[in-house]
Amino acid sequence: MIPSVKPTRAARHVLLVDDDSDVRSSLAYMLSLAGYTLHLAENEEAARQLLNAEILHAAILDIQLEKDGKADDSGLGLAKALPPTMPYIVYTGHHDASYMKRALESRGGAHRAYAFVQKDESEGPSVLLKVLDEMFAARVLVNFKLEILDANAVRGLSRRLALPDRTVAEGEIARDIEEILRRLFHANDGDKTAV
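The following paragraphs examine the structure supplied in this document.

The rules behind the values
Residues numbered from 1 in each chain as written. Predicted model: local features only at pLDDT ≥ 70, side-chain atom pairs only at ≥ 80, totals over all residues. Heavy atoms only, no water. Helix = DSSP H or I, 4+ residues; strand = E, 2+ residues; numbered from the N terminus. Buried < 20%, exposed > 50% of the residue type's maximum accessible area, 1.4 Å probe, protein only. Contact = heavy atoms within 4.5 Å. Areas by Shrake-Rupley, 256 points an atom, 1.4 Å probe, with all protein chains shown as cover. Core = buried A, V, L, I, M, F, W, Y, C linked by side-chain atoms within 4.5 Å. Axes fitted to C-alpha atoms, helices over the stretch in contact; angles between N-to-C directions. Parallel < 35°, antiparallel > 145°, perpendicular 65-115°, else oblique. Left-handed = near helix turned anticlockwise from the far one by under 90°. Salt bridge = Lys/Arg side-chain N within 4 Å of Asp/Glu carboxyl O. Lys, Arg positive; Asp, Glu negative; His and termini not counted. Polar contact = N/O pair within 3.5 Å; in protein donor to acceptor, adjacent residues only side chain to side chain.

Per the secondary structure count, the chain includes 7 helices and 5 strands. Scored against the burial criterion, the 195 residues of the chain give a buried share of 40%. Long-range contacts, defined here as pairs at least 24 residues apart, represent 69% of the contacts in the chain between residues at least 6 apart. Per element, the accessible surface of the chain, about 11000 Å² overall, is 53% carbon and sulfur.

Let us look at the nonpolar core. Counting residues in hydrophobic clusters, the biggest one holds 23 residues, and the most contacted among them are I60, L132 and F136. For this core, the elements supplying multiple residues, two or more each, are β1 (12-17), α1 (21-33), β2 (36-41), β3 (58-61), β4 (88-92), β5 (115-118) and α5 (124-139). Here this core takes 5 residues from α5, the largest share from any one element. Beyond its immediate sequence surroundings of up to four residues, L132 is in contact with V14, L31, Y36, I60 and I89. Membership of the second largest hydrophobic core comes to 20 residues, among which are L61, L76, L82 and F116.

We now examine the packing of α1 against α5. Where α1 meets α5, the closest approach of the two axes is 11 Å, and the angle between their N-to-C directions is 45 degrees. In terms of orientation, α1 lies oblique with respect to α5. In this structure, α1 crosses over α5, and the sense of that crossing is right-handed. Contact with α1, carried on its side by L27, M30 and L31, involves P125, L128, L129 and L132 of α5 and no other residues of that element.

Right, let's talk about the pattern of salt bridges for a bit. Within the structure shown, the criterion is met by 5 salt bridges. The salt bridge involving K119 is made with D18; its shortest N-O contact spans 2.5 Å. Taken together, the residues K119 in the loop between β5 and α5 and D18 in the loop between β1 and α1 connect sequence positions 101 residues apart. Grouping residues by exposure puts K119 and D18 together as buried.

Attention now moves to the side chain of R12. Among the structural elements, R12 can be located in strand β1. An unpaired buried charge is present at R12: no salt bridge exists, and D133, the closest side chain of opposite charge, is 4.3 Å distant. A distance of 2.9 Å separates the side chain of R12 from the backbone oxygen of A34, its partner in a polar contact. In this structure R12 touches A34, G35, Y36, T37, H57, D133, F136 and F144, once residues within four positions along its chain are discounted.

As a further point, take the side chain of E44. Summarising the element assignment, E44 is placed in helix α2 (residues 44-53). Here R48 takes part through its side chain, which lies 2.8 Å from a polar atom of the side chain of E44. With residues up to four places along the chain from it excluded, the contact list for E44 reads L65, E66, S74, G77 and L78.

What follows is the structure, encoded as structure tokens:
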């Protein structure tokens, strides 16, 4: 019998897109202390690269990513590129009501923001953390408490998969399989499950 390997707790991966490096670093520090794994991007292009390369569960987006003046709404454009199942929060210092309206309404198949949080208010970061926790509980359908009792079986399965792209590392395939299992065995009540 192969001994089981108890994996570490599954990480909650969040894409954070903001053009201000101070905002990115302070939020990354605060949210990592709260148990989140942050993937940081300063613009739309970097965010799209992360979306293609990483397993991400949610996003935090600033509205103005390009500093092109008042007309810049590149963060809302990026929101349309998110997978439809990925919830997101708009975290911005721009108080324009039209931005808020556009972020919170659903049009043309694009999903709406879970919340709109003002970052320039003194309570902005703590409000963001509270809203992020709520969003994960309500919208991220992943069982982060799932225990995979035989991690060797997952690694074995990743070796047996016939993939057209042989450059993908075996560990990445195993990580993807674990993510699929966490999504398949999601329990609405948050119960711990073992497979």
